[in-house]
Amino acid sequence: MTTLKQFYGNWHYPTSIRAGIGRINELPSACQELSFKAPLLVTDPGLAALPMVKQVVSHLVGQGIHCQVFSAIKANPCEQNITDGVTAFLHGEHDGVIAFGGGSALDAGKAIALMVGQTRPLWDFEDIGDNFHRVNTDKMAKVIAIPTTSGTGAEVGRASVITDEQAHIKRIIFHPDMLPNIVILDAQLSVSLPKKLTAATGMDALSHALEAYCVPSFHPMAAGIALEAIRLIKEYLPRATANGHDIEARAQVMAAATMGATAFQRGLGAMHALAHPLGALYDSHHGLLNAILMPYVLKANEKVIAEKITRLSRYLSLERISFDGFFQWVLALRKQLAIPHSLQEIAIDACRANEIGMMAFNDPSAGGNPIAFSAQQYSDIFKKAVHGEC
Ligand SMILES: [Zn+2]
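Each chain has its residues counted from 1, running along the sequence as written. A pLDDT threshold of at least 70 governs which residues receive local features in this predicted model, and a stricter bar of 80 or more applies before side-chain atom pairs are shown or counted, although totals over entire chains, interfaces and linings include all residues. To get the side-chain values, take all heavy atoms of the structure and skip hydrogens and water.

Participant: Sorry if this is basic, but what is going on with the packing of helix α6 (residues 195–214) against helix α8 (residues 247–263) here?
Facilitator: The description of two helices packed together rests on the angle between their axes and the distance between the axes. Running from amino to carboxyl end, α6 crosses α8 at an angle of 40°, the nearest separation of the two axes being 8 Å. Classed by the angle they form, the pair α6 and α8 counts as oblique. Like other packed secondary-structure pairs, α6 and α8 cross with a definite hand, here left-handed. Contacts between α6 and α8 pair T198, A205, H208, A209 and A212 from the former with R250, A257, G260, A261 and A263 from the latter. Axes here refer to lines fitted to C-alpha atoms; in helices the fit is confined to the stretch in contact. Angles between the N-to-C directions go from 0 to 180 degrees. Counting from the N terminus, the helices are DSSP H or I runs at least four residues long and the strands are E runs at least two residues long. The cut-offs work like this: below 35 degrees is roughly parallel, past 145 is roughly antiparallel, 65 to 115 is roughly perpendicular, and the gaps in between are oblique. Definitions for this section: a left-handed crossing has its near helix turned counterclockwise from the far helix by less than a right angle. A right-handed crossing has that turn clockwise. What makes two residues a contact is simply this: any of their non-hydrogen atoms within 4.5 Å.

Here is the structure:
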């Protein structure tokens, strides 16, 4: 028999993680551990209006922790959001950041915590070469990350994706110390996530694990984590999507999302290389883009990943142990989760295909793809995804 206690754990890899139902109640003690007396809670405007956030804040205040909320962030956070957050942090004399919410809130919170101690502009810390050496780490704020969705895994990531609205691209801001100091994984916080978002964020988690699994570099630890994350998603994402109150499924999918992001320290690939420019140009949901792109990218990579994917299909106990067996499972899963098959179904057409091909080629995620696609090849994959040809 399963009991809620089974989803309870204290993990110290890749950071300090408190997993379990109801563990949001341990937030005051997590604050004390990091000596937060007046943290800034960064969340999105939707969550800020919900009782969930109000309860968390009043719980902290009741324990003598002077927490204030900053929620002026967009669905795809931009530079101005970070600047405003830094102003709020300094103005309120805060001493730590609680990043609470989906990927946007977590990314914004982490970037604000980085920027409160810097004199250089945000883009100076873009993940290019050794830019991260420019960071003054002494002045960075510490972060407690609390995801309310199960997808990006930003709670265990060492980077934030921030949109450059002038250049219309998403930039990755990176420093190893951006890894949050404490993570609270409480699946109870995700039960009210609507079906569509459960599906799209869960598919993002799958794309992280799958792309990380396919990266050719030597990193067997990441490969192992990715494998088990994919199995958890296979077993539990359909259940979590069908019934949001299935707490076992929610807990397993939340763990899988954290694992997916842990694995992608190894790198990502062409799904993300394409999803980043599409998100920046069309403001579409990141997880949904990866979910739609998944089979087209798998096909494009087929000849070099077939053996690995066959091994994966064996681990997943699929009906057919082969690349095609896995490919058909992905198609069936998307269908079951009501993910559209083509980009044109979410109003993305092929008229900017050349530009998107070039942007994908230049995206940092492209470096992890098993085949070094040219801009033209990216453009061709994108066109197939627009028209639903795979
Ligand atoms: Zn992603």
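Participant: So what exactly am I meant to see when it comes to the pairing of strand β9 (residues 182–185) here?
Facilitator: Each regular strand displays side chains that alternate between the two surfaces of the sheet. Each residue's exposure class comes from its accessible area (1.4 Å probe, protein chains only) as a fraction of the maximum for that residue type: buried when under 20%, exposed when over 50%, partly exposed otherwise. Alternating residues of β9 divide into I182 and I184 and V183 and L185, and every residue in both groups is buried. Pairs of strands are assigned from DSSP output, requiring at least two bridges between the strands. Two strands pair when backbone bridges link them, and strand β2 (residues 16–19) and β9 are joined in this way by 4 bridges, in the parallel orientation. Residue pairing for β9: S16 is matched across the bridge by I182. For strand β6 (residues 143–147) and β9, the ladder comprises 2 bridges, and the chain directions are parallel. Pairing of A145 across the sheet is with V183, part of β9.

Participant: I tried to follow the coordination of the zinc ion on my own but got confused; where do I start?
Facilitator: Between any two of four tetrahedral donors, the ideal angle at the metal is 109.5 degrees; between two of six octahedral donors, it is 90 or 180 degrees. Surrounding the zinc ion are the protein donor atoms D204 (OD), H208 (NE2), H272 (NE2) and H286 (NE2), which sit 2.1 to 2.3 Å from the metal. Here a donor is any nitrogen, oxygen or sulfur atom (N, O, S) within 2.8 Å of the metal, with 3.2 Å used for Na, K and Ca; water is not among the atoms considered, so some sites may look incomplete. Any coordination sphere not matching a tetrahedral pattern (four donors, all angles between 85 and 135 degrees) or a square planar or octahedral pattern (four or six donors, opposite donors over 155 degrees apart, other angles between 65 and 115) is reported as irregular. Each of the 4 donor atoms bound to the zinc ion contributes to angles spanning 88 to 168°, and the resulting shape is irregular. Each donor residue of the zinc ion lies on the same chain, and together they follow the pattern D-x3-H-x63-H-x13-H. Remark: H286 occurs in helix α10 (residues 286–315) and H208 occurs in helix α6; sequence separation between them is 78 residues.

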